[in-house]
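The chain contents come next:
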Number of protein chains: 4
Amino acid sequence: MFFHHATVGATSNTGDREHTVEFRERIRRSFDRQAAMATIGAELTRVEQGSVEIELPFDEKLTQQHGFLHAGIISAALDAAGTYAAYSVIDPDASILTIEFKVNLMSPGRGERFLFRGEVTKPGTTIIVSDGRGYAISQDGPAKLIASMTGTMMVIRGREGIEG
Amino acid sequence: MFFHHATVGATSNTGDREHTVEFRERIRRSFDRQAAMATIGAELTRVEQGSVEIELPFDEKLTQQHGFLHAGIISAALDAAGTYAAYSVIDPDASILTIEFKVNLMSPGRGERFLFRGEVTKPGTTIIVSDGRGYAISQDGPAKLIASMTGTMMVIRGREGIEG
Amino acid sequence: MFFHHATVGATSNTGDREHTVEFRERIRRSFDRQAAMATIGAELTRVEQGSVEIELPFDEKLTQQHGFLHAGIISAALDAAGTYAAYSVIDPDASILTIEFKVNLMSPGRGERFLFRGEVTKPGTTIIVSDGRGYAISQDGPAKLIASMTGTMMVIRGREGIEG
Amino acid sequence: MFFHHATVGATSNTGDREHTVEFRERIRRSFDRQAAMATIGAELTRVEQGSVEIELPFDEKLTQQHGFLHAGIISAALDAAGTYAAYSVIDPDASILTIEFKVNLMSPGRGERFLFRGEVTKPGTTIIVSDGRGYAISQDGPAKLIASMTGTMMVIRGREGIEG
């Protein structure tokens, strides 16, 4: 079949090298200003156009009552990965706001490290849809899918906002 | 009209006083074991049958890049409120697992304190649906709705699980 | 407590009587142009500012394999109710586009009639959030909650759109 | 990288040829009993283990007010595709119930035909997560992604259910 499941790559007006360098720095600077990411120990480990990865070492301070990674922390990392994936396909002077996201929790957050990948499924001038997946990683086995996310992001220019 | 929008109260086999006392303690103990809640500074401030409230003082370590409460932290608190609301309507020997949840972020997380209320919309023997709302609270104005959540929870008995 | 669970009423610049009359007609005209609503037999039975009701008689042609109302039909009616609730709070020259919605199916679609109510939870100049509930109605018992919905709508003015 | 975005194939106890033949027939029979699918003109065009496709010719009776395919019809077809994808990975004597699903509408439903593909992202003994994508197909251009879905399905055995 000619339909592929893969993520639709971002295309619009982002071809030149200068821009490419620029978006990586912009995303890194923004990520570094997110105190919440530092608080949970999240690291920005990969930034491509339309795809961003965040990694998180297991830490007891992030657990739920059974000692696994808290669903809220999984969601925070997936939201961040999806949001920065959207950042990578917009104009340098625009910004991104998460309107909503949905997370499916598939397996307990049990592992030594966690990887969260956000990818742009649908770029757009106003609305961007990102999908994400979270994996638990251990020394003694393959990465395990623990969660998926779909998020809707809004591109903000100038003073517009979703604030009532 | 005779249809009301209000939350459907939980009813089944939970009438006796002993049980009522019991579920509050059980929820409090479980909440206290969630290290992630302590890490973000969340407090369990109200536990009723079918309704749980969690409060969170603003803290710079929980912010996103513009200095507001991070969407992931909002989601973590809403998920916890919805999960414990579900806990309040199940048998003492059962447990709750969040299968999925969706969060709508409506206004920036700007405020001195935040209140997150989770309520059971649909009790059930296997699946429970909870809804939640998050509010920003400031001295100088009314509480502001900043987020809503709908979550699907699964009642776990014995060793069953959603792990593949 | 001073926080209420109720739907936030729409307020902005919609006070005058002329407008009030106008939005009812506009919604009714738009609904009548939705051929899909006629195909499934849906009727627009109530239009208030921020709240719209759609009713649907049971029909065998709308069933799933067990003879109950199909989840897709439930979703179609809930989406329409939520979308028209959003229509009721926007300027006469604007339009509404559903960006996304989530439906929880709580009980089988078993009944003689079904009522779907959409309500605006968060009005806004660009993004509107609507919530909805679906009920099965029978002669011999109370209305039963069968589904809930949260939808995100975008206000469209002029030629903007979410098309990539 | 060793993490792939692709759909996780279903694996458990479904290897023998007899079963393979069986699930196709079972899904086809169930689909044929869904009167709603016939009403909207949906055809089951492909059934593989963990992946199901449904196609729909454009029909004016399925439109919203601007003449495009109604979001509710898109959702109905995506839900069905995701549900039958889940059917393809369960035991012959079990059944599937959609607990909830979320749909993102990305582009107007404009086209001559529409293809909806549902795929199992996470198989499980009790909970199955399916993802879906909808495409508009026209003679004069490539297929266009118009919608995505994530749905949570529950495996039903014997008399259990989510009915309260």
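Structural notes, computed from the coordinates. Residue positions within a chain follow its written sequence, with the count starting from 1. Labels are handed out in written order, letters beginning with A for the chains and numbers beginning with 1 for the ligands. Two thresholds apply to this predicted model, a pLDDT of at least 70 for residue-level local features and 80 or more for giving and counting side-chain atom pairs, whereas whole-chain, interface and lining totals are computed over all residues.

### With respect to the sheet that holds strand β4 (residues 113-122) of chain C
Part 1 of the argument: Taken in spatial order, the 12 strands line up as β1(C)-β2(C)-β4(C)-β5(C)-β6(C)-β3(C)-β3(D)-β6(D)-β5(D)-β4(D)-β2(D)-β1(D) in an open sheet, and their pairing is antiparallel. Only two strands of the sheet have a single neighbouring strand rather than two, namely β1 (43-48) of chain C together with β1 (43-48) of chain D. The average angle at which neighbouring strand axes cross in this sheet is 20°, direction not considered.
Part 2 of the argument: In this scheme, strands are said to pair when DSSP sees at least two bridges between them. Strands are runs of DSSP state E lasting at least two residues, helices are runs of H or I lasting at least four, and both sets are numbered from the N terminus onward. One ladder, built from 9 bridges, connects strand β4 (residues 113-122) of chain D with strand β5 (residues 127-137) of chain D; its direction is antiparallel. From the neighbouring strand, Arg-117 of chain D faces β5 of chain D, where its bridge partner is Arg-133 of chain D. Axes, fitted as lines to C-alpha atoms, cover a helix only where it is in contact. Angles between the N-to-C directions of the axes lie from 0 to 180 degrees.

### Some remarks on helix α3 (residues 71-87) of chain D
Part 1 of the argument: Multiplying 1.5 Å by the helix residue count minus one yields the expected span of that helix. Here α3 of chain D spans 24 Å end to end across 17 residues, near enough to the 24 Å set by a 1.5 Å rise per residue.
Part 2 of the argument: Among the 17 residues in α3 of chain D, 17 count as buried, and that is most of the element. Neighbour counting defines burial: a residue surrounded by 20 or more other C-beta atoms within 10 Å of its own C-beta is buried, one with 12 or fewer is exposed, and intermediate counts give partly exposed, using backbone-placed C-beta atoms.

### Here we look at the pairing of β5 of chain D
Part 1 of the argument: Burial runs high along β5 of chain D: 9 of the 11 residues are buried.
Part 2 of the argument: Turn length for the β5 of chain D-strand β6 (residues 144-156) of chain D hairpin, with the two strands adjacent in sequence and antiparallel, is 6 residues.

### Examining the interface of chain A and chain B
Part 1 of the argument: Each residue gets a C-beta atom placed from its backbone, and two residues are in contact if those atoms lie within 7 Å. Between chain A and chain B, the residue contacts involve 34 residues of the former and 34 residues of the latter.
Part 2 of the argument: Those elements that provide at least two residues to the side of chain A that touches chain B are α1 (17-33), α2 (35-40), α3 (71-87) and β3 (95-105) of chain A.
Part 3 of the argument: At 8 residues, β3 of chain A tops the list of elements feeding residues into the side of chain A that touches chain B.
Part 4 of the argument: Three classes are used, and their members are as follows: Ala, Val, Leu, Ile, Met, Phe, Trp, Tyr, Cys and Pro are nonpolar, Asp, Glu, Lys and Arg are charged, and the others, Gly among them, are polar. Residue composition of the side of chain A that touches chain B, by class: 14 nonpolar, 13 polar and 7 charged.
Part 5 of the argument: Here 5 bridges tie β3 of chain A to strand β3 (residues 95-105) of chain B, and the two strands are oriented antiparallel to one another.

### A short note on the packing of α3 of chain A against helix α3 (residues 71-87) of chain B
Part 1 of the argument: Where α3 of chain A contacts α3 of chain B, the axes come no closer than 8 Å and their chain directions differ by 150°. Here α3 of chain A is positioned roughly antiparallel relative to α3 of chain B, judged by the angle of their axes. Regarding α3 of chain A and α3 of chain B, the two cross each other, and that crossing is right-handed. On α3 of chain B, the residues touching Ala-71, Gly-72, Ile-73, Ser-75, Ala-76, Asp-79 and Ala-80 of chain A of α3 of chain A are Ala-71, Gly-72, Ile-73, Ser-75, Ala-76, Asp-79 and Ala-80 of chain B.
Part 2 of the argument: A breakdown of the residues in the contact of α3 of chain A with α3 of chain B according to their chemical character gives 8 nonpolar, 4 polar and 2 charged. Roughly parallel here means an angle under 35 degrees, roughly antiparallel means over 145, roughly perpendicular means 65 to 115, and every remaining angle is called oblique. Crossing chirality is assigned from the near helix's rotation relative to the far helix, an anticlockwise turn below a right angle marking it left-handed and a clockwise turn marking it right-handed.

### Section: the pairing of β6 of chain D
Residue and element names in this part refer to chain D.
Part 1 of the argument: Most of β6 sits out of view: 10 of its 13 residues are buried.
Part 2 of the argument: Here strand β3 (residues 95-105) pairs with β6 via 10 bridges, running antiparallel. By the bridge assignment for β6, Leu-105 is matched with Ala-147.
Part 3 of the argument: Inspection of the sheet shows β5 paired to β6 by 10 bridges, in the antiparallel sense.

### What about the relation of the copies chain A and chain B?
Part 1 of the argument: Take chain A, turn it by 180°, move it 0.0 Å along the axis, and it overlays chain B with an RMSD of 0.0 Å. A rotation of that kind, with that shift, is consistent with a two-fold axis. For chain A, the residue whose C-alpha comes nearest the rotation axis is Lys-102 of chain A, separated from it by 2.0 Å.
Part 2 of the argument: Most of the interface of chain A is mirrored in chain B: 100% of its interface residues are interface residues there too. The copies were overlaid by least squares, fitting only the C-alpha atoms of residues that reach a pLDDT of 70 or more in each copy.

### With respect to the sheet that holds strand β2 (residues 51-57) of chain B
Part 1 of the argument: Strand order in the open sheet made by the 12 strands is β1(A)-β2(A)-β4(A)-β5(A)-β6(A)-β3(A)-β3(B)-β6(B)-β5(B)-β4(B)-β2(B)-β1(B), with antiparallel pairing throughout. Each edge of the sheet is formed by a strand with only one pairing partner; in this case those strands are β1 (43-48) of chain A together with β1 (43-48) of chain B. Recorded for the sheet is a direction-independent mean angle of 20° between the axes of neighbouring strands.
Part 2 of the argument: Direction of pairing for strand β2 (residues 51-57) of chain A relative to strand β4 (residues 113-122) of chain A: antiparallel, over a ladder of 7 bridges. Bridge pairing in β4 of chain A places Leu-56 of chain A opposite Phe-114 of chain A.

Nothing here speaks to function; it is geometry throughout.
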